[in-house]
Amino acid sequence: MPVSDTSDTPSKLHDENGERDDASTTPVAEETLAFDHPGGDSLELADLLTGRSMARRLPSLIRRTFSLAWQVDRRTVVVLLACQVVSGGSGALGLFATTQAFSALIATAQDTSRLSEAVPAVSVLAGTAGLRALLGIAVQALSNRLSPRISREAEFRMLEAATNAEQAAYDHPGFNDRFDAAERGVDVSRDMIGQSQNYVSSLATLVGAAVVLASLYPLLFPLLVLAAVPQAVAGIRGERITYLATVATHKDRRVMYMLRWHLIAKDQSDQVRTDTLAPYLLKKYRASAERVEATSNTATWKRAKVTLVGAAATGLGTALVWGTVLLLLGSGRISAAAAGTAVFALRSAATGLQGLVGYGRDLLRTGLYLDDWERFVNEAAGQRLDRGTLVPRRPKHITLRQVTFRYPEATQDTLHAVDFDVRQGEIVAVIGENGSGKSTLMKLLSGLNLATSGTVSWDGVNVADLDPHAMWRETSVVPQDFARWPMTARENITLGQPRPEGDRAVLRAAETSGADDVLTTLRSGLNTLLAREWWGGVALSPGQWQRVAVARAAHRDAGLLVMDEPTSDLDPRAEHRIFTGLRALAGDRAVVLVTHNLANTSIADRVVVMDQGHIVQSGTFHELINQTGLMQDLWRLQQDRDAYRPEGGRT
Ligand SMILES: Nc1ncnc2c1ncn2[C@@H]1O[C@H](COP(=O)(O)OP(=O)(O)OP(=O)(O)O)[C@@H](O)[C@H]1O
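The shown structure was predicted, so the numbers you read here are calculated from the model rather than taken from an experiment.

**Section: the overall build of the protein chain**
Broken down by element type, the protein chain carries 20 helices and 12 strands. Relative to the compact-globule value of 26 Å for 651 residues, the protein chain shows a C-alpha radius of gyration of 36 Å, a clear excess of over 25%. A principal-axis box enclosing the C-alpha atoms of the protein chain has dimensions of 125 × 65 × 50 Å. Pairs at least 24 apart in sequence give 78% of the contacts found in the protein chain among residues at least 6 apart.

**Some remarks on the packing of helix 2 (residues 51-72) against helix 10 (residues 336-379)**
The geometry of helix 2 relative to helix 10 is characterised by a closest axis approach of 10 Å and an angle of 70° between their N-to-C directions. In terms of axis orientation, helix 2 runs roughly perpendicular to helix 10. Packed against helix 2, whose contacting residues are Met-54, Arg-57, Leu-58 and Leu-61, the element helix 10 presents Gly-360, Leu-363, Leu-364 and Gly-367 at the interface. Of the residues contributing to the contact of helix 2 with helix 10, the split by class is five nonpolar, two polar and one charged.

**Topic: the pairing of strand 6 (residues 453-458)**
Pairing geometry for strand 3 (residues 397-405) and strand 6, over five bridges, is antiparallel. Along strand 6, the bridge assignment pairs Arg-401 with Thr-455. From the end of strand 6 to the start of strand 7 (residues 461-462), which pair antiparallel, there are two residues, and Asp-459 there has a positive phi angle of about 45°.

**Topic: helix 5 (residues 173-216)**
Taking 1.5 Å per residue, 44 residues should reach 64 Å; helix 5 reaches 61 Å between its end C-alpha atoms and fits that length. The largest bend in helix 5 is about 40°, located at Arg-190. Judged by how many residues are buried, helix 5 sits mostly within the fold: 32 of 44 residues are covered.

**Here we look at the site of the ligand**
Lining the immediate surroundings of the ligand are Asp-171, Tyr-407, Ala-410, Thr-414, Gly-432, Asn-434, Gly-435, Ser-436, Gly-437, Lys-438, Ser-439 and Thr-440. Considering each element in turn, the shell around the ligand owes the most residues, three residues, to helix 11 (residues 438-445).

**Some remarks on the domain arrangement of the protein chain**
Taken domain by domain, the protein chain holds domain 1 (42-374), domain 2 (388-474 + 558-651) and domain 3 (484-557). The straight-line distance from the C-alpha centre of domain 1 to that of domain 2 is 58 Å. Listed by partner, the interface residues are five residues for domain 1 and five residues for domain 2. Looking at the side of domain 1 that touches domain 2 residue by residue, the class counts come to two nonpolar, two polar and one charged.

**Observations regarding the pairing of strand 5 (residues 427-432)**
Counted residue by residue, strand 5 has six buried out of six residues, so it is predominantly covered. Side chains Ile-427, Ala-429 and Ile-431 of strand 5 all project onto a buried face; the interleaved residues Val-428, Val-430 and Gly-432 project onto the opposite face, where all are buried too. Sheet topology places strand 5 next to strand 10 (residues 590-594); four bridges connect them, and they run parallel. Pairing of Ile-427 across the sheet is with Val-591, part of strand 10. In terms of strand pairing, strand 5 meets strand 11 (residues 606-611) through five bridges, oriented parallel. Within strand 11, the residue paired with Val-430 across the bridge is Val-608.

**A word on the sheet that holds strand 8 (residues 475-478)**
Taken together, the six strands give an open sheet; going across it, the order is 8-9-10-5-11-12, and neighbouring strands pair in mixed fashion. Two strands bound the open sheet, and with one partner strand each, they are strand 8 and strand 12 (614-619). Taken pair by pair, the neighbouring strands of this sheet meet at an average axis angle of 15°, ignoring direction. Pairing geometry for strand 8 and strand 9 (residues 560-564), over four bridges, is parallel. Across the sheet, the residue bridging to Val-477 is Val-562, located in strand 9. Packed onto the sheet, helix 17 (residues 542-555) meets strand 8 and strand 9 and runs at close to 170° relative to strand 8.

**Let's talk about the nonpolar core**
Val-430, Leu-445, Val-591, Val-592, Leu-593 and Val-607 are the most contacted members of the largest nonpolar core, which totals 71 residues. Per-element accounting of this core gives the leading share, six residues, to helix 17. Residue-level mapping places this core at the junction of two domains, with at least three residues from each of domain 2 (388-474 + 558-651) and domain 3 (484-557). Apart from residues lying up to four places away in sequence, Val-591 is in contact with Ile-427, Leu-561, Leu-582, Leu-585 and Ala-586. Val-186, Val-200, Leu-346 and Tyr-369 belong to the second largest nonpolar core, which has 67 residues in total.

**Some remarks on the UniProt feature "transmembrane region" (unreviewed entry) in the protein chain**
Within this numbering scheme, the UniProt entry marks residues 77-98, 199-220 and 306-329 as carrying the feature "transmembrane region" (unreviewed entry). Secondary structure content for residues 77-98 is 100% helix and 0% strand, and the end C-alpha separation is 32 Å. Between the end C-alpha atoms of residues 306-329 there is a gap of 35 Å, over a span that is 100% helix and 0% strand.

**Here we look at the environment of Phe-482**
With respect to the helices and strands, Phe-482 occurs in the loop between strand 8 and helix 13 (489-494). For the pair formed by Phe-482 and Ala-549, sequence separation is 67 residues and the distance between their alpha carbons is 6.7 Å.

**Here we look at helix 2**
Compared with the 32 Å implied by 1.5 Å per residue over 22 residues, the 31 Å span of helix 2 between its first and last C-alpha is a close match. Taking the largest bend as the criterion, helix 2 deviates by roughly 35°, centred on Arg-57, and proline Pro-59 comes between one and four positions later. Inspection of helix 2 places Met-54, Arg-57, Leu-58, Leu-61, Ile-62, Thr-65, Leu-68 and Ala-69 among the buried residues, and these make up the whole buried set.

Quick notes on the rules
Residues numbered from 1 in each chain as written. Predicted model: local features only at pLDDT ≥ 70, side-chain atom pairs only at ≥ 80, totals over all residues. Helix = DSSP H or I, 4+ residues; strand = E, 2+ residues; numbered from the N terminus. Rg over C-alpha atoms; globule rule 2.2 N^0.38 Å. Contact = placed C-beta atoms within 7 Å. Axes fitted to C-alpha atoms, helices over the stretch in contact; angles between N-to-C directions. Parallel < 35°, antiparallel > 145°, perpendicular 65-115°, else oblique. Nonpolar A, V, L, I, M, F, W, Y, C, P; charged D, E, K, R; others polar. Pairing = 2+ DSSP bridges. Expected span 1.5 Å × (residues − 1). Bend = angle between axes of the 7 residues up to and from the residue. Buried ≥ 20, exposed ≤ 12 C-beta atoms within 10 Å, placed from the backbone. Near = placed C-beta within 6 Å. Domains from an automatic or database assignment. Core = buried A, V, L, I, M, F, W, Y, C linked by C-beta atoms within 7 Å. UniProt positions renumbered as here; feature names shortened; annotations may be inferred.

Right, here's the structure in full:
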C-alpha cells in the first residue's frame, strides 16, 4: 500500500511570521540582483581626494611604496633612489650652466673670438643632459624590474590572508566585495613604484628649478606656483569625480561580472543553451552596462568642465609669469642671459609642478586601492582565523553540547540546542529532509564553522581553542560539492600530501571507492591530468569524480571522517563498495555520514534524525524504522514505489 506523505504540501508557504498562507494570495515584491556593497568605506576614501589630504598623505604613501619595495629587493631600491638624487642634482647643475652658456653665447655674438669661453658651460650642459638621459633609462629599467615583484608579493599576501579567513567569511555579504577591492589594490600595486619614482623625480626637477629661479629673481617661483594651483585643484576634483563614479557603478559592474561568468562558464553552458536563456541573461547584462555607461558619461563631462576651468585659470597665471619675465628684462632687473635661463628654469619648474600634481593624483588613487588591499591583508576583512593554539591528537570522542548555530546575517538559527556524540571506531549516520541542518552540523563537527552558542569539543577541548590548521590535519571531509582539482589523478587523491607508502596508499584508497576502476581506464594511470578544459587532460563523469573524492578522504590519515552524501552520483555497484568498506575505514576513525538513501544507514552504529535544526530521533536503523517517527515515515516513502507499478496501479 502506498504511504501518504505526512509533511505539509508544497502549495502552502510560510509568511514572515511563520504563519502559512496560500502562495497565490500573497503578492511578494520581486527581489532584484543587488549586491550588498559596503559603499561607506569607499565614500569615506573619496573624501581623501582633496588638496589638503593629498599633501598630508602623499609622503606616507611614498614611504609605504618604498618600504614594500624594500622588502622585495633592497639593492634595487637603493640604486633607484641614488639615480633619482643624482638626476635631480644634475638637472639643477645644467640650469646653472645655462646662464653661463647664454652669457658666453651673447658675448660671442659681438666678438666671435670669445667662442671658446662658451665651451665649458656648454660641455656641462651637454654632460648633464646626457647623464640625465642615461639615469632616466636606468630608473625606468629598475622600476620595471621592481613593479612585477611588488605586485606578486602583494598578491601573495592577499591570497594568504584569504586562506586564513574563517569559512564563515564567505557568508558575510561584505567579504567578497572587500576581496575584490583588495584585488584591485594588487592590480594597481604594479603602478605604485613607477608613480612614486616619477613623483620623486618631478620633485627633484622642481627643487632644482626653484633654486635656480630664486637665484635669478625670487618672485618668479611663487608666481609660478600660483599659476599651477588652479590646474592642481582641477586635477584633484576630476579624480574625485571619477572615483565617485566608480563607486556608484560598483554594483552594476559586479552584476555584469557575475552574468559574464554565468554566460560563459562550462558548468552551466549546457543549460544556457537548452533553456534558451542567453537572450534573457544578455538583456540583464546590457541593462547594467547601460547604467554604468550613463554614469561614466555624466562623470566624464563633469570632469571635462572642471579641467577646462582649471586649464583656463592656469593659462592666465602662466601669462602673468611670462609677462613678469619680460617686464624684468625690459626694466633691466635681469640680464638677457638670466632671462634665457629663466625661460628654461620656468619650463623645467612647470614640468616638475605638473608632474607633482599628476603623479601625486595617480599615487593618491593607487593609495586608495592599496588601503583596501592593506586592510584585507591585515584583517582578512575582519574574518581572520583567530582561534586557539592547542594541537589536538587523533580525536577519540567528539561532542556537541547544546549547540545553536546561526549563519551570519541570517534572521533565524539553523541548529537549535543540538547534542551529538561520535567516538573513534564508530559510524554515525545523519538523516533528515532537505534544509534540516545536516550539512551545517557537518561544518560544525569539522570546525569549519564555530557554534553560535553551546560547545563543540574534541576530547573535551573546545574546538575554538584548537589550532584550526592542526585540527584540519585530523579531519577528512567529502562535502556535497567536492572540488575537482585541475591536477593529476594522483594529486587529486593525495592532495599534495602523500603518505609514506606512496602510490600503494593511493591505490588502497582508490579501492575503497571504486576509483581503482577509473584509474585503469586513464591513459597514464595516476599521472593522468584530470582537467580537460585547462591542460588537455581527461574529463571524468560526475560519478567517476565522486569515486575520486571518496578515495581522497580515505587516503587522508585523519581521525574524523565526515561524508556528506558521498554516493549521490554513484552507480549501485560503486555505492555498495563504499558502504561495505566503510567499517574497515572506521577502524581508527570517527565516521559521520549524511545520506538520503536510508538503506545505507543500516551499516551505521547509530542513526541520528534531524528535523528543522533539531535532533528528533537517535537509535539503530532497525530501532528507528520500527518506531513511529520521521525516520519511519521517510523509510516508508522510500520503499513504496512498487505500489505505483503500471500493472498494479494505485491501491
Ligand atoms: N551559508 C548559509 N547562509 C545562510 N543560511 C544557510 C547557509 N547555508 C545553509 N543555510 C540554511 O541552513 C538551513 C540548513 O541547511 P543545510 O545545508 O544544513 O541543510 P541540509 O539538511 O544539509 O539540506 P540538504 O538535505 O538539502 O543537503 C537551510 O534552511 C539553509 O537555508
